[in-house]
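# Summary of the model geometry
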Amino acid sequence: MNLNLAQYQHLAEELAPKNVTLVAVSKTKPVEDIKTLYDAGQRDFGENYVQELLEKQPVLPSDIRWHFIGHLQRNKVRSIAAFVHLIHGVDSYRLLHEIHKEALRAGRQIDCLLQIHIANEETKFGLDATELAELWAQLTAQPLTGVRIRGMMGMASFTDNLAIVREEFQHLHSLFVQYQSLAGYAAFDTLSMGMSADFRIAVESGSTLVRVGSLLFGVR
Ligand SMILES: *Cc1c(COP(=O)(O)O)cnc(C)c1O
């Protein structure tokens, strides 16, 4: 399956009036496909692997907003610090501290989302409620000026049982709302949840940003 431009237009039109940001997840897909979506108006793209992002970024238009949605290793932060738009998968103070350090070095502040573990699978990364509270306390005690926490990100269980998916998204939304009031700043405004298979449930559950790959670019 290939890039589906009609699907893109349909999706963009569906999400725009809801004020939901569409991140087109382009991992493993060629720069030509990205450029085609860019020419159709898309500006937010998501990548999972640093090496791949570093190959694509220099040969594509500079006003693309690159979202890093994979698991970021601390020793790779420096290579993307100058240009990355939003880092979705942050789940430790150590990683946040590294991003803070490299952001200051690059003369900017980097927007980040805290990844929350909501699925019932072991394999997915992210913080549970207790770890989130601990990280939050640490950030309050030792603020990191190079990063700005914009909200949260999560992935639902890989299951056909949509009731479970909905429950997990609603749980994440309630955590988001809770920390939004704790954060007390207007920029804590981003809830990244929903992929090709479950983005409608995510939007119904309060998502402000969906990460959609295969529906747009074809199966990987
Ligand atoms: C690959 C990926 C997506 C996109 O998944 P699709 O099912 O292809 O839409 C979204 N989020 C993350 C974190 C991913 O790794």
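Residues numbered from 1 in each chain as written. Predicted model: local features only at pLDDT ≥ 70, side-chain atom pairs only at ≥ 80, totals over all residues. Heavy atoms only, no water.

### What to know about the overall build of the protein chain
When its secondary structure is counted, the protein chain shows nine helices and eight strands. Scaling as 2.2 N^0.38, a compact globule of 220 residues should have a C-alpha radius of gyration of about 17 Å, and the protein chain matches this with 17 Å. Once the C-alpha set of the protein chain is aligned to its principal axes, its extents read approximately 50 × 45 × 30 Å. Buried positions account for 50% of the 220 residues belonging to the protein chain. Partitioning the intrachain contacts of the protein chain with sequence separation of at least 6 by distance along the chain shows that 60% fall at a separation of at least 24. Working note: accessible area of the protein chain is about 10500 Å², and carbon and sulfur atoms make up 51% of it. (Helix = DSSP H or I, 4+ residues; strand = E, 2+ residues; numbered from the N terminus. Rg over C-alpha atoms; globule rule 2.2 N^0.38 Å. Buried < 20%, exposed > 50% of the residue type's maximum accessible area, 1.4 Å probe, protein only. Contact = heavy atoms within 4.5 Å. Areas by Shrake-Rupley, 256 points an atom, 1.4 Å probe, with all protein chains shown as cover.)

### What about helix α1 (residues 5-15)?
An α-helical turn contains 3.6 residues, so any two residues separated by three or four positions project in the same direction. Listed as buried for α1 are Tyr8, Leu11, Glu14 and Leu15. Down the axis of α1, the smallest arc covering the buried residues is 130°, so these residues share one side. In α1, the exposed residues that point more than 90 degrees away from the buried face are Ala6 and Glu13. Residues of α1 that are buried in the fold lie against β1 (21-25), α2 (31-39), α8 (199-204), β8 (209-212) and α9 (214-217). The opening residue of α1 is Asn4, an N-cap whose side-chain oxygen sits 3.3 Å from the backbone nitrogen of Ala6. (Arc of directions from axis to C-beta. Polar contact = N/O pair within 3.5 Å; in protein donor to acceptor, adjacent residues only side chain to side chain.)

### Digging into the packing of aromatic side chains
Both the distance between ring centres and the angle between the ring planes are used here to describe each pair of aromatic rings. Tallied over the full model, the rule gives five aromatic pairs. Their ring planes at 75° and their centres at 5.1 Å tell us that Trp136 and Tyr179 sit as a pair that is edge-to-face. Here the residue Trp136 occupies a position in helix α6 (residues 129-141), and Tyr179 occupies one in helix α7 (residues 162-183), the gap between them amounting to 43 residues. When sorted by exposure, Trp136 lands in the same class as Tyr179, which is buried. (Phe/Tyr/Trp six-rings, centres within 6.5 Å; stacked < 30°, edge-to-face > 60°.)

### Thoughts on the environment of Ala129
Assignment of secondary structure puts Ala129 in helix α6. Since its relative accessible area comes to 43%, Ala129 is described here as partly exposed. Expressed as a C-alpha distance, the spacing of Ala129 and His117, which sit twelve residues apart in the sequence, is 8.4 Å.

### Points about the side chain of Ser196
For Ser196, the position within the fold is in the loop between β7 (190-192) and α8. At a separation of 3.4 Å, a polar atom in the side chain of Ser196 contacts the side chain of Ser214. At a separation of 3.0 Å, a polar atom in the side chain of Ser196 contacts the main-chain amide nitrogen of Leu215. Those residues in contact with Ser196 that lie beyond four places of it in its chain are Arg211, Val212, Gly213, Ser214 and Leu215.

### Things to note about the nonpolar core
Side chains of nonpolar character tend, in soluble globular proteins, to be buried together. Core analysis: the largest hydrophobic core is formed by 61 residues, its most contacted members being Leu96, Ile99 and Met152. Looking at which element gives the most residues to this core, the answer is α7, with seven residues. Membership of the second largest hydrophobic core comes to five residues, among which are Val23, Leu86, Leu113 and Leu209. (Core = buried A, V, L, I, M, F, W, Y, C linked by side-chain atoms within 4.5 Å.)

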